[in-house]
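Here are the chains, one letter per residue:
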Amino acid sequence: MADTNSVQIAIGEEATYLGSTAAVAGIKTRLTSESFKQDTTTANSAEIDSTRNLSFINRTDVQASGSLNIEYHHCDSYDKLMTAAIGSADFGATAIVHTGGSDEFVVNTSAGTITTDATWSSSPAVAGTWVSTSGFAQGGNNGKFKVVSCTSSVLTVENKGTLVTETKSGGGVVITTLSQATNGTGLRSFAAERKYTDLTNIFAAYTGMSVESMKLSLNSDSVITGSFDFIGSKEESKSSTIFGSYTAASTADVCNSIDSVAGTLNEGTAFDITSFSFETKANVRGLRKVGTLGAYDIGQGHFEVGGEVSAYFATSALADKFLNHTTTSLAVNITQGGSTRIFDFPSIKLTGAERVATGQDDDVILSISWQAFKDATESCMMRIVKS
């Protein structure tokens with residue numbers, strides 16, 4: 001008899017839809033629960049039977065689906081699923097904006113600028129991307145910043161609240177464009193495998209699994225949780241693994257809403273929250289053809305992302321953005337064990353805002369719902385940054 005504590009889930013990317021994973025290393029994936037299954041569509045016979053019996057039941061379609069529920073931590077398997085969920089390839093490479101040398105740097109707090117007396121030693125930063133800085137004497141100037149603009153010698157950042165006026169000479173300053181992914185048109189698929197480790201050679205395999213939605217939720221005094229929902233082709237019972245090998249599961253600590261949230265930004269300015277969540281939706285659909293059981297390929301709809309944020313009510317600034325239908329932005333920095341993921345939504349509309357008295361002896365909470373749309377400068381709705 002199988003025990004849930006003995007179930008192992010592994011996920012590997014298919015090179016093509018329903019392509020073989022015999023040479024793929026399946027990544028053992030940590031989870032709190034899962035619901036991978038096959039849905040079968042049937043059609044009852046419409047024949048008239050004088051005995052009042054149903055003549056037959058036909059199988060007309062199958063589809064794999066399910067959710068992977070997690071306690072969030074930074075790891076390769078979640079990175080692959082998160083980038084796939086937003087229609088992106090894996091995270092791109094970093095790029096050096098400036099490193100070493102003896103150039104002088106001037107940090108202007110009010111303008112939010114970092115100016116060099118020379119030019120950037122490599123690729124200039126692009127508006128909308130995030131950079132990391134190090135080597136400054138003032139700790140507030142070393143960190144992760146979102147780029148507003150970058151000329152040949154002046155870098156302007158949005159989240160300038162930590163900057164401290166400084167002139168740094170003698171070299172040592174390093175500025176790097178961080179690895180990041182934005183929502184796009186990429187369509188990726190995975191194979192998922194459930195291994196019953198307490199049974200002998202019993203596996204369940206799910207192929208053509210595309211990420212339909214991703215959810216992430218953080219609340220005060222709790223671990224950060226999330227889920228990935230999938231739509232795929234079919235389920236099969238197997239007597240051996242579908243993967244060529246396994247990659248061990250991550251051992252990173254689970255992120256929580258206290259130690260792991262390095263900051264929440266609204267238009268680049270830090271603000272305190274009591275909760276934050278978002279959900280993406282890819283609007284994928286299985287494609288069918290005569291003579292083939294289950295989806296033979298996957299179709300893609302428009303990308304959606306929205307969520308909720310709440311905070312103790314102390315000012316009307318955010319509520320007024322809802323009342324006036326003002327475009328704003330949100331970003332959340334989750335840092336754990338020296339590794340960071342920033343979830344950045346450059347253009348959003350607030351679709352609801354409440355600041356009500358729910359009863360005696362309680363705090364007034366500003367509860368906001370929001371939805372992202374395409375930012376005119378960044379040409380995306382969502383950006384995930386990795387470092």
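Quick note: structure is the one above.
Residues numbered from 1 in each chain as written. Predicted model: local features only at pLDDT ≥ 70, side-chain atom pairs only at ≥ 80, totals over all residues. Heavy atoms only, no water.

*Asks:* Explain the packing of aromatic side chains to me, please; I cannot follow it from the model alone.
*Replies:* Working definition: an aromatic ring pair is given by the centre-to-centre distance plus the angle between the planes. Enumeration over the complete set of coordinates arrives at 13 aromatic pairs. Plain terms: the ring middles of Phe 243 and Tyr 246 are 6.5 Å apart, the flat faces sit at 65° to each other, and that makes the pair edge-to-face. A residue is classified by how much of its surface remains accessible, and Phe 243, at 5% relative accessible area, is buried. In this structure Tyr 246 comes out as partly exposed when scored by relative accessible area, which is 27%. An aromatic cluster of at least three residues, connected via ring pairs, comprises Tyr 72, Tyr 78, Phe 228, Phe 276, Phe 278, Phe 343, Phe 345 and Trp 370. Its guanidinium or amino end placed over the ring of Tyr 296, Lys 289 lies 4.6 Å from that ring's centre, counting from NZ or CZ. (Phe/Tyr/Trp six-rings, centres within 6.5 Å; stacked < 30°, edge-to-face > 60°. Buried < 20%, exposed > 50% of the residue type's maximum accessible area, 1.4 Å probe, protein only. Lys NZ or Arg CZ within 6 Å of the ring centre and 35° of its normal.)

*Asks:* Whenever I open this one, the sheet that holds strand 13 (residues 174-177) confuses me. Can you help?
*Replies:* Within a beta sheet, neighbouring strands are joined by backbone hydrogen bonds and run either parallel or antiparallel to one another. Sheet architecture is open: eight strands sit in the order 6-13-9-10-11-8-7-12, paired in antiparallel fashion. For this open sheet the edge positions go to strand 6 (95-98) and strand 12 (166-168), each flanked by a neighbour on one side alone. On average, each strand axis in the sheet is inclined to that of its neighbour by 30°, with strand direction left out of account. Bridge analysis of strand 10 (residues 144-150) against strand 11 (residues 154-157) gives three bridges, and the strand direction is antiparallel. Of the residues in strand 11, the one forming a bridge with Cys 150 is Leu 155. (Pairing = 2+ DSSP bridges. Helix = DSSP H or I, 4+ residues; strand = E, 2+ residues; numbered from the N terminus. Axes fitted to C-alpha atoms, helices over the stretch in contact; angles between N-to-C directions.)

*Asks:* What am I meant to see in the state of the cysteines here?
*Replies:* Simply put, disulfide is the name for a covalent bond between the sulfur atoms of two cysteines. Under the criterion given, the structure shown has zero disulfides. Free cysteine: Cys 75, not disulfide-bonded; nearest cysteine sulfur from Cys 255 at 9.5 Å. With no disulfide of its own, Cys 150 lies closest to Cys 380 among cysteine sulfurs, the gap being 18 Å. (Disulfide = S-S within 2.5 Å.)

*Asks:* Just checking my understanding: could you explain helix 1 (residues 76-85) for this structure?
*Replies:* Counting buried residues in helix 1 gives eight out of 10 residues, a clear majority hidden from the surface. By the burial criterion, the buried members of helix 1 are Ser 77, Tyr 78, Asp 79, Leu 81, Met 82, Thr 83, Ala 84 and Ala 85. Just beyond helix 1, the residue with positive phi is Gly 87, at close to 75°.

*Asks:* Just to check I follow, could you spell out unusual backbone geometry for this structure?
*Replies:* Peptide bonds are trans in most cases, and residues, glycine excluded, mostly fall at negative phi. Despite not being glycine, His 325 shows a phi value in the positive range, around 55°. Along the chain, His 325 turns up in the loop between helix 2 (317-323) and strand 26 (328-336). Since its relative accessible area comes to 51%, His 325 is described here as exposed. With a phi angle near 55°, Ser 379 is a residue other than glycine that sits in the positive phi range. Relative to the assigned elements, Ser 379 resides in the loop between strand 28 (365-372) and strand 29 (383-386). A relative accessible area of 47% means that Ser 379 is categorised as partly exposed.

*Asks:* Sorry, what's going on with the pattern of salt bridges here?
*Replies:* Where charged atoms from two side chains of opposite charge come close, those side chains can pair. According to the stated counting rule, one finds 16 salt bridges in the structure shown. The closest approach of N and O atoms between Lys 215 and Glu 279, which form a salt bridge, is 4.0 Å. Taken as a pair, Lys 215 in strand 16 (residues 203-219) and Glu 279 in strand 22 (residues 275-281) lie far apart in primary sequence, 64 residues in all. Taken together, the shared-partner salt bridges connect Glu 13, Lys 80, Asp 90 and Arg 188 into one network. (Salt bridge = Lys/Arg side-chain N within 4 Å of Asp/Glu carboxyl O.)

*Asks:* It is not clear to me how the pairing of strand 13 should be interpreted in this structure. Could you clarify?
*Replies:* Where a strand is regular, its side chains alternate between the two sheet faces. In the sheet, strand 6 pairs with strand 13 via three bridges, with the strands oriented antiparallel. Residue His 98 lies in a different strand from strand 13, and its bridge partner there is Ile 175. Sheet topology places strand 9 (residues 130-134) next to strand 13; four bridges connect them, and they run antiparallel. Along strand 13, the bridge assignment pairs Thr 133 with Ile 175.

*Asks:* Can you help me understand the side chain of Ser 189 in this one?
*Replies:* Mapping Ser 189 onto the fold places it in strand 15 (residues 189-196). Assessed through its relative accessible area of 5%, Ser 189 is described here as buried. Only 2.6 Å separates the side chain of Ser 189 from the side chain of Glu 14, close enough to count as a polar contact. Once you skip the residues sitting within four places of it in the chain, Ser 189 turns out to touch Glu 13, Glu 14, Thr 16, Tyr 17, Leu 18, Gly 208, Met 209 and Ser 210. (Polar contact = N/O pair within 3.5 Å; in protein donor to acceptor, adjacent residues only side chain to side chain. Contact = heavy atoms within 4.5 Å.)

*Asks:* Even after reading the chapter, I still don't get the nonpolar core, so can you show me in this structure?
*Replies:* Soluble, globular proteins show a tendency: their nonpolar side chains are buried together. The biggest cluster of nonpolar side chains holds 51 residues, and the ones touching the most others in it are Tyr 72, Phe 228, Phe 278, Phe 343, Phe 345, Trp 370 and Met 382. When residues no more than four places from it in sequence are discounted, the contact partners of Phe 228 are Gly 66, Ser 67, Leu 68, Ile 70, Tyr 78, Leu 81, Met 82, Val 211, Ser 213 and Met 214. By size, the runner-up hydrophobic cluster in this structure holds 15 residues, among which are Val 107, Ile 114, Val 157 and Leu 163. (Core = buried A, V, L, I, M, F, W, Y, C linked by side-chain atoms within 4.5 Å.)

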